[in-house]
Number of protein chains: 2
Amino acid sequence: MSHSDEYWMRLAMAAGHRARIWSAPNPAVGCVVVKDDRLLATGFTHPVGEPHAEVHAISQVADITDVAGATVYVTLEPCSHTGRTPPCVDALISAGIARVVIACEDPDPRVSGSGISRLTAAGIEVLRGVCEAEASHDLAGFFLRLRRGYGRVTVKMAMSADGRTAMASGESQWITGVEARADVQAWRASSDVILTGIGSVEADDCALTLRPCANRLDADDWERAMARPTPRAVVDTNARTKSTARVLHGDAQTTVFTAPGAALPLDVPKSVSQQVVATTDSGLDLQQLLMWLGEQGANEILVEAGATLVGSLEQAGLIDQWLIYVAPVMLGADARPAHRATFASLEQANRYSIISHDLIGDDVRITMRQKINA
Amino acid sequence: MSHSDEYWMRLAMAAGHRARIWSAPNPAVGCVVVKDDRLLATGFTHPVGEPHAEVHAISQVADITDVAGATVYVTLEPCSHTGRTPPCVDALISAGIARVVIACEDPDPRVSGSGISRLTAAGIEVLRGVCEAEASHDLAGFFLRLRRGYGRVTVKMAMSADGRTAMASGESQWITGVEARADVQAWRASSDVILTGIGSVEADDCALTLRPCANRLDADDWERAMARPTPRAVVDTNARTKSTARVLHGDAQTTVFTAPGAALPLDVPKSVSQQVVATTDSGLDLQQLLMWLGEQGANEILVEAGATLVGSLEQAGLIDQWLIYVAPVMLGADARPAHRATFASLEQANRYSIISHDLIGDDVRITMRQKINA
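Residues numbered from 1 in each chain as written. Chains lettered and ligands numbered in written order. Predicted model: local features only at pLDDT ≥ 70, side-chain atom pairs only at ≥ 80, totals over all residues. Heavy atoms only, no water.

### Comments concerning the domain arrangement of chain A
Residue and element names in this part refer to chain A. Test applied: By convention here, the domain bounds are inherited from an automatic or database domain assignment. Reported buried area values correspond to the accessible surface (1.4 Å probe) lost by two parts on association, with both partners' losses combined. Within this document, salt bridges are pairs made up of a side-chain nitrogen of Lys or Arg and a carboxyl oxygen of Asp or Glu, the two lying within 4 Å of each other. Counting of polar contacts relies on pairs of N or O atoms within 3.5 Å, with two restrictions inside protein: one atom must be capable of donating a hydrogen and the other of accepting it, and residues adjacent in sequence are counted only when both atoms are side-chain atoms.
Taken as a whole, chain A is organised into domain 1 (5-138) and domain 2 (149-370). With centres defined by C-alpha atoms, the gap from domain 1 to domain 2 works out at 32 Å. The junction of domain 1 with domain 2 conceals about 1,200 Å² of combined surface from both sides, 46% of it contributed by carbon and sulfur atoms. Applying the counting rule to domain 1 against domain 2 returns four salt bridges. Linking Asp 220 and Arg 18 is a salt bridge whose minimum nitrogen-to-oxygen distance equals 3.2 Å. Linking domain 1 to domain 2 there are nine residue pairs in polar contact (both at pLDDT 80 or more).

Written out as structure tokens, the structure reads:
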């Protein structure tokens, strides 16, 4: 009995997950090459200017004469235009691929549908829509950035079962367990920027870097993550960040967003850049800030911040996805709230959909996303 | 290939779940009779004075001549004393049962170990400890009541993902979905008393009864639940409950706990009784109140109350189990907190263990229990 198209597409999606560490601004696409119900090779998007998933997968086939007549499973429609690399459809055609199975069409106007039509014109059988919903969720950051100018905004939160992130005193080490904190490290590695607020910088002196221990990356992912550390960004209206702040140091670059006229200390490291953003009644214009991150190619924006910045994002309806670690402890009614947004009625509050719930060590991780965004 | 002892014990546990509706003060025990790897019958504890699980199961075997040489799986050690019914061990011996598999020993000092030794003395093979952890969790309310005088205290809470139970205005209909509310109905049916506070009575005029629609009981359980509606209890220090309050009406009995000297209205229904409890600095003595419920035979105490009563229970460390329905919505920092307990440091906060996490409709249900209590 041969495996289903869905089976192979799930392998392609798993390969795509490995691309998250370095693919931005390109989407984290995965691909497998299959012949006679046998896996010939796996591939995933490489950094800008290097092979896309399909080309990488074909290059991994041990005996290249096997490729003719094979089926390629790919999570996103192969590109048909010459960008920084030649079109993937040409590579598939010249390799003699017989069949291409695609999860999602590419919303990029330079590709949309034309990749598929060029494959069909070359006599290749094309099937689309296999595992489309799951693959769309994986690629949502890329899709959102193309559509609206900025990527997926995911807010990470570690809280008690009564929705508190710290005691009234500020004490918060540790609410969640070591496994949950290791899980966060993997999300950092697979995001394209980590955004925090000046409040967290001042209170916790957070570094927002990957820690060599207590992460759950394998050796290969760890090496790739270290080679391209996820950039950091600080929302700091009045440029209060001190030049000694840990978030400005280390291998990863840091952008500090400030209001016009605010100036960072002169002795910040060279890897730090200041970006001026317009202000609104409630602080920096967060949408403008996100658009700037979108222009830099960030598909996946991970927010690790305190109640003020998270509250502002929630108040503005800018949060696409929540990544909530719920610890089995009750911190009490005077402990710090998860965020500072307020709503006059239930109807005005933002509704989400549960995507997953998993036990991570002693805690439950709940992911939920905005109903309107993938 | 024959089924494992664990397989049959899980069937016995499932049968035990059906007993929850009416077994108190007896434990909700389940039993199956098996011969030649074939299920002969299922049984579970009946109301006080009626058959225990083992006797019920044996009575359900279609051809009574089959019973000789059969194996009985039972979640609790069979009783060896004459209470309101004859000892179950006698029934097992006289039926010619060859083997008895037991999940938990009975901590009741009138039984503990002696049920097993009488079976062994009669030449019956006994195996104990199969699925003990799971069965102990099922029977924890009974075990706790025997050990400390009152049953398991389970607090139900329907809250937002930021730990809020209502908007600042009090608006709370509906935070969780229809499936979660139906699930709560089943917990009401399988509890031995539903405890609330005067705040909830005044704010919501809650009835705390089973609703004929929107529950997930099957026809048989529904009929049994209707025949023996779960009693209600109100914590009402100053006897403010009005005689028209819905919680005082309907088929279920209601106990109103008050401070000494407080008097209920004269025109409350006959099914309502007042119970005077000593006071402490922070209101009624909740431990004394729970002990009284224990004396009435309540193994499972379900608390459906507001932030004040839940906070008092949490502050006193009296909550054994939480049943939390988390809705994927954020209600905001000025919305009402889950409870009013406060703690000076993380170390003082009560830690629990996650028991389960399940999607119930659009919401996630998390159960967690105190580490020290089963």
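### Notes on the nonpolar core
Using the following cut-off: What we call a nonpolar core is a set of buried Ala, Val, Leu, Ile, Met, Phe, Trp, Tyr and Cys residues that are connected through their side-chain atoms within 4.5 Å. Between buried and exposed lies partly exposed: a residue is buried under 20% and exposed over 50% of the maximum accessible area for its type, with that area taken using a 1.4 Å probe on protein chains only. The contact criterion used throughout is that any non-hydrogen atoms of two residues lie within 4.5 Å.
Core analysis: the biggest nonpolar cluster contains 76 residues, and A:Trp322 and B:Trp322 have the highest contact counts within it. Dropping the residues within four chain positions of it, B:Trp322 is found in contact with A:Met330, B:Val155, B:Met157, B:Val310, B:Glu314, B:His339, B:Tyr352, B:Ile366, B:Thr367 and B:Met368.

### Brief notes about the pattern of salt bridges
Residue and element names in this part refer to chain B. Put simply, the test is: Runs of E in the DSSP output that reach at least two residues are strands. Runs of H or I that reach at least four are helices, and both are numbered from the N terminus.
For the structure on display, the rule yields 39 salt bridges over all chains. For Asp 183, the salt bridge identified is with Arg 365, shortest N-O distance 2.9 Å. One end of the pair, Asp 183, is in helix α7 (residues 178-189); the other, Arg 365, is in strand β18 (residues 363-370), and 182 residues separate them in sequence. For the pair formed by Asp 183 and Arg 365, the shared burial category is buried. Between Asp 221 and Arg 224 there is a salt bridge, with its nearest N and O atoms 2.6 Å apart. Of the two residues, Asp 221 and Arg 224 both sit in helix α9 (residues 219-227), three residues apart, roughly one turn of that helix.

### Details of the side chain of A:Asp363
Which entries qualify depends on this criterion: Think of it this way: Lys and Arg go in the positive column, Asp and Glu in the negative one, and His and the chain ends go nowhere.
If you trace the backbone, A:Asp363 turns up in strand β18 (residues 363-370). Although A:Asp363 is buried, it makes no salt bridge; B:Arg351 carries the closest opposite charge, 5.6 Å away. At 2.7 Å, the side chain of A:Asp363 and the backbone nitrogen of A:Gly177 are in polar contact. In contact with A:Asp363, other than residues within four places in its own chain, are A:Thr176, A:Gly177, A:Ala180, A:Val326, A:Ala327, A:Pro328 and A:Asp358.

### A closer look at a nonpolar patch on the surface
All names here are of chain A. Note the following rule: Residues enter patches when they are more than 30% accessible in relative terms and free of salt bridges; like-charged ones are connected within 9 Å and nonpolar ones (Val, Leu, Ile, Met, Phe, Trp, Tyr) within 5 Å. All accessibility values rest on the Shrake-Rupley procedure with a 1.4 Å probe; residue burial counts only the protein chains present in the view.
A cluster of nonpolar side chains, contributed by Tyr 7, Leu 11 and Leu 39, occupies part of the molecular surface with about 230 Å² of accessible area. Its location among the elements puts Leu 11 in helix α1 (residues 5-19). Residue Leu 11 is classed as partly exposed on the basis of its relative accessible area of 31%.

### Focus: the sheet that holds strand β1 (residues 30-35) of chain B
All names here are of chain B. Spelled out, the test is: By definition, two strands form a pair when at least two bridges between them are found by DSSP. Structural elements are reduced to axes, namely lines fitted to C-alpha atoms, with helices fitted over the stretch in contact, and the angle between N-to-C directions of any two is expressed from 0 to 180 degrees.
Read across the open sheet, the five strands follow the order β2-β1-β3-β4-β5; overall the sheet is mixed. Edge positions in the sheet fall to β2 (38-44) and β5 (125-128), since each has one partner strand and no second. The sheet shows a mean angle of 20° between the axes of neighbouring strands, taken without regard to direction. Pairing geometry for strand β3 (residues 71-76) and strand β4 (residues 99-104), over five bridges, is parallel. When the sheet's bridge partners are listed, Leu 76 is paired in β4 with Cys 104.

### Quick look at the environment of A:Leu284
Residue and element names in this part refer to chain A. Examined against the element boundaries, Leu 284 turns out to sit in strand β13 (residues 283-284). Accessibility expressed as a relative area gives 5% for Leu 284, which makes it buried. Residues Leu 284 and Thr 71 lie 213 residues apart in sequence; the distance between their C-alpha atoms is 50 Å. Not counting residues up to four positions away in its chain, the partners in contact with Leu 284 are Val 235, Asp 236, Thr 237, Phe 257, Thr 258, Ala 259, Val 277, Ala 278, Thr 279 and Leu 289.

### Examining the interface of chain A and chain B
What counts is decided by this rule: Under the scheme applied here, ten amino acids are nonpolar (Ala, Val, Leu, Ile, Met, Phe, Trp, Tyr, Cys and Pro), four are charged (Asp, Glu, Lys and Arg), and all others, including Gly, are polar.
In this complex, chain A contributes 45 residues to the contact, which on the side of chain B involves 45 residues. Across the chain A to chain B interface the summed buried area is about 3,500 Å²; carbon plus sulfur atoms make up 65%. A per-residue breakdown of the area chain A buries against chain B is headed by A:Pro328, A:Met330 and A:Leu346, which together make up 20% of the total. Our count for the chain A to chain B interface comes out at zero salt bridges. At the junction of chain A with chain B, the criterion picks out 15 residue pairs in polar contact (both at pLDDT 80 or more). Those elements giving two or more residues to the side of chain A that touches chain B turn out to be β15 (321-327), β17 (352-360) and β18 of chain A. It is β17(A) that provides the largest number of residues to the side of chain A that touches chain B, a total of six residues. Taken together, the residues of the side of chain A that touches chain B break down into 26 nonpolar, ten polar and nine charged.

### Side note on the packing of aromatic side chains
To describe a pair of aromatic rings, one takes the distance between the centres and the angle between the planes. As a reminder of what qualifies: Each Phe, Tyr or Trp ring, with Trp reduced to its six-membered ring, pairs with another whose centre is within 6.5 Å; inter-plane angles below 30 degrees give stacked pairs, above 60 give edge-to-face pairs, and intermediate values give tilted ones. Over a ring means this: the NZ of a Lys or the CZ of an Arg is within 6 Å of the ring centre and within 35 degrees of the ring normal.
This model, assessed by the stated rule, comprises ten aromatic pairs over all chains. Between A:Tyr7 and A:Trp8, the ring centres sit 4.9 Å apart and the planes meet at 80°, which makes this aromatic pair edge-to-face. Given a relative accessible area of 36%, A:Tyr7 falls into the partly exposed group. Measuring from centroid to centroid gives 6.2 Å for B:Trp322 and B:Tyr352, while their planes differ by 90°, and the two rings are edge-to-face. With a gap of 30 residues between them, B:Trp322 in strand β15 (residues 321-327) and B:Tyr352 in strand β17 (residues 352-360) connect regions that are remote in the sequence. Exposure class is identical for B:Trp322 and B:Tyr352. Each is buried. Here the guanidinium or amino end of A:Arg181 rests over the ring plane of A:Trp174, the centre of that ring lying 3.8 Å away. Directly above the ring of A:Trp22 sits A:Arg224, whose terminal nitrogen or CZ lies 4.3 Å from the centroid.

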